[in-house]
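Chain by chain, the residues run as shown.
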Amino acid sequence: MNMDQLVRDALHEQAADTTTTPPDFAGRVLAVRRRRRTRTIAGAAVATAVAVAVGVAVPMLDGGKDEPRLASEINRSDIIAHPDQSPPRDLIAAGNTALAAYSTYSTVKETEDRGVSRRTYYLLDQETGKYVKTTKWSILDVAPGMRTAAVLEKKLPTKRIGLLDLLTGEVVRWIPVDRGVAGVKFSPDGSKLVATTYSKNPDLRFKADYDSDGDGKKNDWTTQFGESDRTGFYVIDVDSGKGSWSKVTVHDDEDMPGSSLNVRQDFDFSHDGKLVYSGLTSEPHMQYYDFEGKEVAAPANEKYLHWFVDAGLSPDGKLAAGDFAGGAKTTASEINDPYTGKRLHKIPGQQLLAWVDNKRLIAFDIAPGTNEFHNRLVLVTIGSDKTVPLSGFRKGNDGAAGRWEPIFAER
């Protein structure tokens, strides 16, 4: 039995508990020449078999049409993995969740003691199923359905938000704003954007006077801790481009304003999309706001979430991804009751990144006994100790230039 067969067998075993795919949200986000197509059962089965092996676009087999299937539409009920690739070159997905893009970053020197952290994005090409490099954007977020991305130009803060057609690679519309924006996120249904405003670029870096990465050289760049220049947020309707801005101030120590925020602390939406929240570096760690900028209590099922655990609530809202729960020699993470914070399950995984369905998640994890930063994407399942590798291992320490960071989206 060859390696491809071994990988496929492992993937199919792990995928046996796949639940019903959630509804496709693509129609809610900037429709871009997408036609719904009927598919024969035989055609879909053949396309799925091919996708497991190679993870690229395959021809439709419905009535002789030769229009290719998009990579994001392939094999939604199964797993597409490339455990030999880091950074990924070909589509990685599990169920209705896909690696829509990933980013790397490096510090670009502007003066002797000042630089700026610049991201390089690798976006999924919908026709080839491969990740393609782009240096056009400083910030990028992919909408549910993977047809549209919200993008910001290189110089931050910027006063317009682009809507990028992921089928053509062209910006189809710019949304102008009055205040400088440096962060942008889609709502869970893709109908809204929350755009975080700053008075200065939050990605500025300054020459450190100490050895921050432990390599013995004072050649490192750092942020100015405790000096956030965040000013507030817009909530914008994607279809109309209309929205309103809310000023948000943080009440901190008078001698250190903004000290409860990281230098970049972008807003994001609650699980139901009805509120926005900000992470905090101190208690209560998360603060929620209505769309007018008024502080409000956390929703009942988000009271025990932590902003730095990316996975958040399960699709049905009944489980909460928790923090690291491993030990010195093992990795594990918690799955908690979202209403009480009580641990319900302990599953493999170093860092929980995204839910696939109500039982499975994508996580970062390490090989047993290896460096904590030598991690890869894996699929984990509640109630099982098995993991399925989805990518190869990342290299370098946390914060090292060139380490890739995943961006997931619903297919």
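The rules behind the values
- Within each chain, residue numbers correspond to sequence positions counted from 1 in written order.
- Where totals are concerned, whole chains, interfaces and linings use all residues; where local detail is concerned, this predicted model gives features only for residues with pLDDT of at least 70, and gives and counts side-chain atom pairs only at 80 or more.
- Side-chain measures here rest on the full set of heavy atoms in the structure, leaving out hydrogens and waters.
- Counting from the N terminus, the helices are the DSSP runs of H or I reaching at least four residues and the strands are the DSSP runs of E reaching at least two.
- Whether a residue is buried, partly exposed or exposed follows from its accessible area with a 1.4 Å probe, protein chains only, as a fraction of its type maximum: under 20%, in between, or over 50%, in that order.
- Note on contacts: a residue pair qualifies if any of its non-hydrogen atoms lie within 4.5 Å across the two residues.
- Methods summary: accessible areas were calculated by the Shrake-Rupley approach with a probe of 1.4 Å, and residue burial reflects only the protein chains presented.
- By definition, a salt bridge exists where a carboxyl oxygen of Asp or Glu is found within 4 Å of a side-chain nitrogen of Lys or Arg.
- Only strands that DSSP links by at least two bridges are regarded as paired with each other.
- To form a nonpolar core, buried Ala, Val, Leu, Ile, Met, Phe, Trp, Tyr and Cys residues must be joined to one another through side-chain atoms within 4.5 Å.
- Lines fitted to the C-alpha atoms define the axes, with helices restricted to the stretch that makes contact. Angles between their N-to-C directions range from 0 to 180 degrees.
- Aromatic pairing here means that ring centres of Phe, Tyr or Trp (its six-membered ring) are within 6.5 Å. Orientation follows from the plane angle: under 30 degrees is stacked, over 60 is edge-to-face, and everything else is tilted.
- Placement of a positive charge over a ring is assigned whenever Lys NZ or Arg CZ falls within 6 Å of the ring centre and within 35 degrees of the normal to the ring plane.

### So, the overall build of the protein chain
Counting secondary structure elements, the protein chain contains two helices and 26 strands. Here the protein chain holds 411 residues, and the buried ones make up 49% of them. Across the protein chain, the fraction of contacts at a sequence separation of at least 24, relative to all contacts at a separation of at least 6, is 50%. Carbon and sulfur atoms form 50% of the exposed surface of the protein chain, whose accessible area is close to 19,600 Å².

### Some details on the pattern of salt bridges
Counted according to the given criterion, the structure contains nine salt bridges. Linking Lys130 and Asp90 is a salt bridge whose minimum nitrogen-to-oxygen distance equals 2.6 Å. Here the residue Lys130 occupies a position in the loop between β4 (114–124) and β5 (131–134), and Asp90 occupies one in the loop between β1 (79–80) and β2 (93–94), the gap between them amounting to 40 residues. Judged by its relative accessible area of 39%, Lys130 is partly exposed. Accessibility expressed as a relative area gives 8% for Asp90, which makes it buried.

### Description of the pairing of strand β14 (residues 243–247)
The sheet contact formed by strand β13 (residues 230–237) and β14 spans five bridges and is antiparallel. Counterpart to Phe233 in the pairing with β14 is Ser246. Between the antiparallel neighbours β13 and β14 lie five residues, among them Gly241 with a positive phi of about 80°.

### So, the nonpolar core
Ranked by size, the top nonpolar core spans 59 residues in total, and within it Leu140, Val142, Ile161 and Leu193 carry the most contacts. Broken down by element, the residue count for this core peaks at six residues, all from strand β9 (residues 171–186). When near neighbours in sequence (up to four residues on either side) are disregarded, Leu140 contacts Tyr121, Leu123, Ala149, Ala150, Val151 and Ile407. In terms of nonpolar packing, the next biggest core, distinct from the first, is built from 13 residues, Val309, Ala311, Leu319 and Val380 among them.

### Some thoughts on the sheet that holds strand β25 (residues 387–389)
The four strands are arranged β22-β23-β24-β25 in an open sheet whose pairing can be described as antiparallel. Looking at which strands have only one partner, the edges of the open sheet turn out to be β22 (351–355) and β25. Ignoring strand direction, the axes of neighbouring strands in this sheet form an average angle of 35°. Where strand β23 (residues 360–366) meets strand β24 (residues 375–381), seven bridges bridge the pair, whose relative direction is antiparallel. Bridge pairing in β24 places Ile362 opposite Leu379.

### Some thoughts on the pairing of β9
Sheet topology note: the strand β8 (residues 158–165)/β9 ladder contains six bridges and is antiparallel. Residue Leu164 lies in a different strand from β9, and its bridge partner there is Val171. Examined bridge by bridge, β9 and strand β10 (residues 192–198) share five bridges and lie antiparallel to one another. Bridge pairing in β10 places Phe186 opposite Leu193. If you look at the hairpin formed by β9 and β10, you'll find five residues sitting between the two strands, and Gly190 has a positive phi there, around 80°.

### Thoughts on the sheet that holds β8
With antiparallel pairing, seven strands are arranged side by side in an open sheet as β6-β7-β8-β9-β10-β13-β14. Looking at strand neighbours, the two that pair on one side only are β6 (137–142) and β14, the edges of this open sheet. Direction aside, neighbouring strands of the sheet carry axes that sit 30° apart on average. With five bridges connecting them, β6 and strand β7 (residues 148–153) associate as antiparallel partners. Across the sheet, residue Trp137 finds its bridge partner in β7, namely Glu153.

### Structural notes on the packing of aromatic side chains
This structure, assessed with the given rule, holds 11 aromatic pairs. For the ring pair Tyr102 and Tyr122, a centre distance of 4.8 Å and an interplane angle of 10° mean the geometry is stacked. Linking Tyr102 in strand β3 (residues 97–109) with Tyr122 in strand β4, this pair joins segments that are 20 residues apart in sequence. The two residues Tyr102 and Tyr122 agree in class, both being buried. On the numbers, 4.8 Å between centres and 55° between planes, the contact of Phe233 with Phe267 is tilted. Taken together, the residues span a long stretch of sequence, with Phe233 in strand β13 and Phe267 in the loop between β14 and β15 (268–269) at a distance of 34 residues. Ring pairs connect the aromatic residues Tyr102, Tyr122, Tyr131, Phe364 and Trp404, which therefore count as one cluster. It is Arg160 that lies over the ring of Trp174; its NZ or CZ is 3.7 Å from the centre.

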